[in-house]
Amino acid sequence: MILCSPKLATRARMAELNNLILTPVMAIKLFIPGPTVVSEDILKEMSLPMIAHRSKKASEIQKRISDNMQKILFTENRILLSTSSGSGLMEGAIRSCTAKRAAVFSIGAFGDKWYKMAKTNGIPADKFDSVMGEPTTAEMVDAALSTGKYDLLTVTHNETSSGIQNPVEEIAEVMKKYPDVVWCVDAVSSAAGSKIETDKLGIDVLITSTQKALALPPGLAICAMSKKAYDRTAEVENRGLYFDLRTIWDFIDKKNYQYTSTPCLSLMYALDKQLQHIVEVEGIENRFARHEELAAYTRAWADEHFAVYPNRKYLSKTLTVIDSRPKGSDEMISIPELNAFLAPRNLQLGNGYGGLKDKTFRIAHMGELQMEDMKEITAAVEDFLKSK
Ligand SMILES: *Cc1c(COP(=O)(O)O)cnc(C)c1O
């Protein structure tokens, strides 16, 4: 009989667990709209030792994140971070900044989610829907706000379910007529991939999170908040605590860029490094140009083999939503079958979302993906079509 020492047994078990946990995850190239591929040097940042979250070093990191984020979002507004996914700050924004009634414009799943957040927090709100695949128009916003019923507006910048990028420049023109309305924008799947000139547009709360075009692991939400939005929070009685934007703002002010509760420091290291990469190495404008090129390539490819799903006038720059029927066919391909075909090549794309599941599929072209990656995934989908 061979007896194994407890220490060795533990090591063996650890190795087994490591294999179980790491092996299937490491190699897959993701073309789903979040989480996106994270580069290896950024992943390494996540394994650095902890520091005290009340240290000078923590303040330094958080200030640098804030400065670089302002550059990427073209804003002087205050940057707030939250250890949560993007949804946390979406809920925080509508709850902290609605004193009267919110006008929620929805063009798909994530607009609907913002409305649900309002309702479940007891915030008076109305939802204005567009037909799936169509944008929120400036006329719709004007019609709603001209009633005088609303003091907060939410708009989805880039709807990840339909593949639409809303015409925020046109909406910004209309918003000039309503200086008392706080304008919140969900840019979770577009910020750092599409150019959004926050201050020029007059956006009061612009929200994003780490796992999409920023190409980081999920777990941090980021927003840029205006003084006007901050002032509004004083009129709101029940703002909650963890996601209360006023509490976070005040704490950053008083404690030199520190946060109310212990933030995910590992993600902050990674975010800090990634923002330096975007600003100083790749260049912000180059990053946007790369996303435009990838989008143009993917759309042209989709046109050749399938059809792009949403209204072409408003196409997203960070993902393409594609009709599941190949050109000239009435029959949809099976997206689970397609992904099963892609799996041995370590590739994965996104099924449609919500009501568009199976009827569409989604190819993300955001974050760190390069043209050769887009050529790889599209060639693989063509191979799948040929195999049928
Ligand atoms: C992913 C996504 C969200 C939700 O963000 P989380 O970080 O997962 O909470 C919200 N809005 C849009 C447009 C998204 O794509």
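Residues numbered from 1 in each chain as written. Predicted model: local features only at pLDDT ≥ 70, side-chain atom pairs only at ≥ 80, totals over all residues. Heavy atoms only, no water.

## Describing the overall build of the protein chain
Applied cut-off: Secondary structure follows DSSP: runs of H or I at least 4 residues long count as helices, runs of E at least 2 residues long count as strands, and numbering of each begins at the N terminus. Whether two residues touch is decided by their heavy atoms; if any such pair falls within 4.5 Å, the residues are in contact. Reported accessibility uses the Shrake-Rupley method at a 1.4 Å probe radius. Residues are deemed covered only where the shown protein chains occlude them. The positive count covers Lys and Arg only, the negative count covers Asp and Glu only, and His and the chain ends enter neither. Just so you know, the charge point we use is NZ for Lys, CZ for Arg, CG for Asp and CD for Glu.
A tally of regular secondary structure across the protein chain gives 14 helices and 13 strands. Expressed along its principal axes, the backbone C-alpha trace of the protein chain runs to roughly 75 × 60 × 40 Å. Counting contacts in the protein chain only where the partners sit at least 6 residues apart, residues at least 24 apart contribute 71% of the total. Total accessible area on the protein chain is roughly 17,200 Å²; 55% of this is exposed by carbon and sulfur atoms. In the protein chain, the 48 positive side-chain charges and the 49 negative ones have mean positions that sit 5 Å from each other.

## Remarks on the environment of Glu197
Summarising the element assignment, Glu197 is placed in the loop between β8 (182-186) and α8 (198-201). Once the C-alpha coordinates of Glu197 and Ile72 are considered, the two residues, 125 residues apart in sequence, prove to be 8.8 Å apart.

## Describing the domain arrangement of the protein chain
Condition: Each domain's limits were defined by an automated method or a database of domain assignments. Simply put, the buried area is the total loss of 1.4 Å probe accessible area from both parts when two parts are fitted together. We define a salt bridge as a contact between a side-chain nitrogen of Lys or Arg and a carboxyl oxygen of Asp or Glu at a distance within 4 Å. Two N or O atoms count as a polar contact when they lie within 3.5 Å, although within protein this holds only if one can serve as hydrogen donor and the other as acceptor, and sequence-adjacent residues are included solely when both atoms are side-chain atoms. The nonpolar class holds Ala, Val, Leu, Ile, Met, Phe, Trp, Tyr, Cys and Pro. Asp, Glu, Lys and Arg form the charged class, and all remaining residues, Gly among them, are polar.
On domain assignment, one finds that the protein chain holds domain 1 (29-36 + 283-387) and domain 2 (40-281). Taken over C-alpha atoms, the centre of domain 1 sits 26 Å from the centre of domain 2. At the interface, 26 residues of domain 1 touch 34 residues of domain 2. In this assembly, domain 1 packs against domain 2 so that about 2,500 Å² is buried in total across both faces, 58% of it on carbon and sulfur atoms. It is Ile284, Phe288 and Tyr314 in domain 1 that bury the most area against domain 2; as a group they hold 25% of the surface buried on that side. Our count for the contact surface shared by domain 1 and domain 2 stands at 1 salt bridge. In this structure, the salt-bridge partner of Glu285 is Lys195, at a minimum N-O distance of 2.8 Å. For the pair domain 1 and domain 2, the number of links is 15 residue pairs in polar contact (both at pLDDT 80 or more). Residues belonging to the side of domain 1 that touches domain 2 are distributed by class as follows: 13 nonpolar, 8 polar and 5 charged.

## Thoughts on the pairing of strand β4 (residues 125-129)
Applied cut-off: When DSSP finds at least two bridges between two strands, those strands are taken to pair.
The pairing of strand β3 (residues 102-106) with β4 spans 5 bridges and is classified as parallel. Bridge pairing in β4 links Ser106 to Asp129.

## A few points about the sheet that holds strand β1 (residues 29-31)
Our working definition: To obtain each axis, a line is fitted to C-alpha atoms, and for helices this fit is confined to the stretch in contact; angles are then taken between N-to-C directions over 0 to 180 degrees.
Strand order in the open sheet formed by 4 strands is β1-β12-β13-β11, and the pairing between neighbours is mixed. Single-partner strands in this sheet number two, and they are β1 and β11 (319-323). On average, each strand axis in the sheet is tilted by 30 degrees relative to the strand beside it, whichever way the strands run. Inspection of the sheet shows β11 paired to strand β13 (residues 360-364) by 5 bridges, in the antiparallel sense.

## Observations regarding the packing of helix α13 (residues 335-342) against helix α14 (residues 371-387)
Filter applied, for reference: Note on angle classes: values under 35 degrees are labelled roughly parallel, values over 145 roughly antiparallel, values of 65 to 115 roughly perpendicular, and the remainder oblique. We call a crossing left-handed when the near helix sits turned anticlockwise from the far one by less than a right angle, and right-handed when that turn is clockwise.
At a minimum axis separation of 10 Å, α13 and α14 run at an interaxial angle of 115 degrees. Between α13 and α14, the angle falls in the class roughly perpendicular. The crossing of α13 and α14 is right-handed. Between α13 and α14, the residues in contact are Glu337, Leu338, Phe341 and Leu342 and Ile377, Ala380, Val381, Asp383, Phe384 and Ser387, respectively. Tallied by class, the residues present in the contact of α13 with α14 amount to 7 nonpolar, 1 polar and 2 charged.

## Structural notes on the site of the ligand
Selection rule: Proximity is defined per residue: if any heavy atom of the residue lies within 4 Å of a molecule or strand, that residue is considered near it.
Lining the immediate surroundings of the ligand are 13 residues, of which Ser85, Ser87, Thr160, Asp186 and Lys212 lie closest. One nitrogen or oxygen atom from the side chain of Ser87 is found 2.5 Å from an oxygen atom belonging to the ligand. Asp186 places a side-chain nitrogen or oxygen 2.6 Å from a nitrogen atom of the ligand.

## Topic: the packing of helix α3 (residues 56-72) against helix α11 (residues 265-282)
One way to put it is that α3 packs onto α11 with a least axis distance of 9 Å and a crossing angle of 40 degrees. Comparing the axis directions of α3 and α11 gives the class oblique. Relative to α11, α3 is oriented so that their crossing is left-handed. Contacts between α3 and α11 pair Ile61, Gln62, Arg64, Ile65, Asn68, Met69, Lys71 and Ile72 from the former with Leu265, Met268, Tyr269, Leu271, Asp272, Leu275, Gln276, Ile278 and Val279 from the latter.

## Some words on unusual backbone geometry
A negative phi angle characterises most non-glycine residues, just as the trans form characterises most peptide bonds. Threshold: Three labels apply to residues, based on accessible area from a 1.4 Å probe with only protein chains included: buried if under 20% of the type maximum, exposed if over 50%, partly exposed otherwise in between.
Cis geometry is found at the peptide bond from Gly34 to Pro35, where omega equals -5 degrees. Checked against the element boundaries, Pro35 lands in the loop between β1 and α2 (40-45). With phi around 50 degrees, Phe74 is a residue other than glycine that occupies positive phi space. Of note, Phe74 is situated in the loop between α3 and β2 (78-82). For Phe74, a relative accessible area of 25% puts it in the partly exposed group. With a phi close to 55 degrees, Asn256 is a non-glycine residue in the positive phi region. Its place among the elements puts Asn256 in the loop between α10 (245-254) and α11.

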